[in-house]
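# An overview of the molecular structure
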Amino acid sequence: MICCYQIAFGGVISVAKPSVFRAEHSMAPDVSPDRSISPRRRDLVFIVNPLGANGKTGKEWKKLLPYLRSRLDTDCNICESFTSGPSHAIDITREAIREGADAVIAVGGDGTLHEVVNGFFWAGRPVTNHDRESAHSTALGLIPLGTGSDFARTFGWKNDPHEAIERLAKGIRSRIDVGVISGEGGEAHYFINVADIHLSAKAGYYASRYKKFGNLCYVIGALQGFMGHKNQNLKVKVNEGEWEEYSQVTALCIGNAKYFGGGMKITPNADPRSGNFEVVILQDFKWYDFIVKLHKLYNGTHLSVKNVTSRSVHSIEVEDVSGSGSIFVQSDGEHLGLLPRKFSVLPAAIELIC
């Protein structure tokens, strides 16, 4: 049975005894070929952001525990790990994978999920189990309890933790793609949902300051992002080809999945199992265009709108033509700095419990 590692910012590791929940009902077996007949107990590490959604995540997690006990039975070892600050979930995830966890489950919103996904990688490579003879890899799971939970929408999952626990109990896995972002001399950064550039990234940056207002934070962020906003000319290189220039870009979105911003179906053709991104570019949008066309952006019918283009790519580089160094970049709602950046697909990089 693995232990639950709480890793402090200074790098000191303390080991906490994991909580093991025993149940009265049997759990459905894992359907992956190399595990379906294995009698071994599954080690599940739940990473909880107790302060997520203004403390709601921690409270909801406590309420879930009785059902978790009754559903997962004695076939699983359950470990709770509570994050203590930014990037803590990354450290917990890496340690859990190295110790051979069967799955790491993000409990919270897209921010917690984003950190857990980044924990699957280190120094540009996937993190691996210390036991090189192990026949299984660590899967990614999700119990959506956060503000946005946009990634879950791509799979049609409801924001229902009990439904999520049922998925974990069944243990069905599917390989999904992960996006990797690289910049000038910076460390690689990973994303699972949507990365975006310019206005939408700036709005997301401001929205993160108002999460106490729930989904209203996205509206507030958008309004603040519009203040002083100017469309910019961008250079784009797709699939290692030639540079192209796009004039008066309002936003450029790179979708591994479909939704961002609290339910906006911005990259409606994206599929995290396709091996490609969908890139959607909005050009020469004015503030009133978003008011008039907002319903199209939310239901995913905006690709037919004037000045909106879409293309499927496996890599894309983006630069600011003016060199102003003022174009925001974010991924999965997390601010990453400024252009230039390169975005590439890592096909089938992670097993997702779905």
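Computed from a predicted model, the values in this text were never measured in an experiment. (Residues numbered from 1 in each chain as written. Predicted model: local features only at pLDDT ≥ 70, side-chain atom pairs only at ≥ 80, totals over all residues. Heavy atoms only, no water.)

Here we take up the overall build of the protein chain. Helices and strands together make up the secondary structure of the protein chain, namely 8 helices and 19 strands. Here the protein chain holds 354 residues, and the buried ones make up 54% of them. Taking contacts inside the protein chain between residues at least 6 apart in sequence as the whole, the part at least 24 apart equals 74%. In the structure as shown, the protein chain presents an accessible area of about 15700 Å², 52% of it carried by carbon and sulfur atoms. (Helix = DSSP H or I, 4+ residues; strand = E, 2+ residues; numbered from the N terminus. Buried < 20%, exposed > 50% of the residue type's maximum accessible area, 1.4 Å probe, protein only. Contact = heavy atoms within 4.5 Å. Areas by Shrake-Rupley, 256 points an atom, 1.4 Å probe, with all protein chains shown as cover.)

On to the packing of aromatic side chains, then. Following the criterion strictly, the structure yields 9 aromatic pairs and no others. Between Phe155 and Trp157, the aromatic rings sit 4.9 Å apart at their centres with planes inclined by 20°, giving stacked as the arrangement. When its relative accessible area of 11% is taken as the criterion, Trp157 is described as buried. Taking the centre distance of 5.5 Å and the plane angle of 20° together, the rings of Phe191 and Phe277 count as stacked. Taken together, the residues Phe191 in strand E10 (residues 189–191) and Phe277 in strand E14 (residues 277–283) connect sequence positions 86 residues apart. Each member of the pair, Phe191 as well as Phe277, is classed as buried. Members of the aromatic cluster, each reached through a chain of ring pairs, are Phe151, Phe155 and Trp157. (Phe/Tyr/Trp six-rings, centres within 6.5 Å; stacked < 30°, edge-to-face > 60°.)

Let's shift gears to the nonpolar core. Core analysis: the largest hydrophobic core is formed by 30 residues, its most contacted members being Leu113, Val116, Val117, Leu140, Phe151 and Ile350. Secondary-structure elements contributing two or more residues to this core are strand E3 (42–48), helix H2 (88–98), strand E5 (103–108), helix H3 (110–119), strand E8 (139–144), helix H4 (150–154), strand E9 (173–182) and strand E19 (341–353). Looking at which element gives the most residues to this core, the answer is H2, with 4 residues. If sequence neighbours within four positions are ignored, Ile350 has contacts with Val117, Phe120, Phe121, Leu140, Ser174, Arg175, Ile176 and Val178. (Core = buried A, V, L, I, M, F, W, Y, C linked by side-chain atoms within 4.5 Å.)

Look at the link from Leu339 to Pro340: it is a cis peptide, with omega at 5°. Here Pro340 lies in the loop between strand E18 (334–338) and E19.

Buried residues dominate helix H6 (residues 199–207), accounting for 8 of its 9 residues. Of the positions making up H6, those classed as buried are Leu199, Ser200, Ala201, Lys202, Ala203, Gly204, Tyr206 and Ala207. Turning to H6, the residues buried within the fold contact strand E11 (194–198), helix H7 (216–226), strand E13 (243–255), helix H8 (287–299) and strand E17 (328–331).

Contact pair H6 / H7: the axes reach a minimum separation of 7 Å and the direction vectors enclose 125°. The orientation of H6 relative to H7 falls into the category oblique. Pair H6 / H7 crosses with right-handed handedness. Listed contacts from H7 to Leu199, Lys202, Ala203, Tyr206 and Ala207 of H6 are Cys217, Tyr218, Gly221, Ala222, Gln224, Gly225 and Phe226. In terms of residue class, the contact of H6 with H7 is made up of 8 nonpolar, 3 polar and 1 charged. (Axes fitted to C-alpha atoms, helices over the stretch in contact; angles between N-to-C directions. Parallel < 35°, antiparallel > 145°, perpendicular 65-115°, else oblique. Left-handed = near helix turned anticlockwise from the far one by under 90°. Nonpolar A, V, L, I, M, F, W, Y, C, P; charged D, E, K, R; others polar.)

Worth remembering: the numbers are spatial, not functional.
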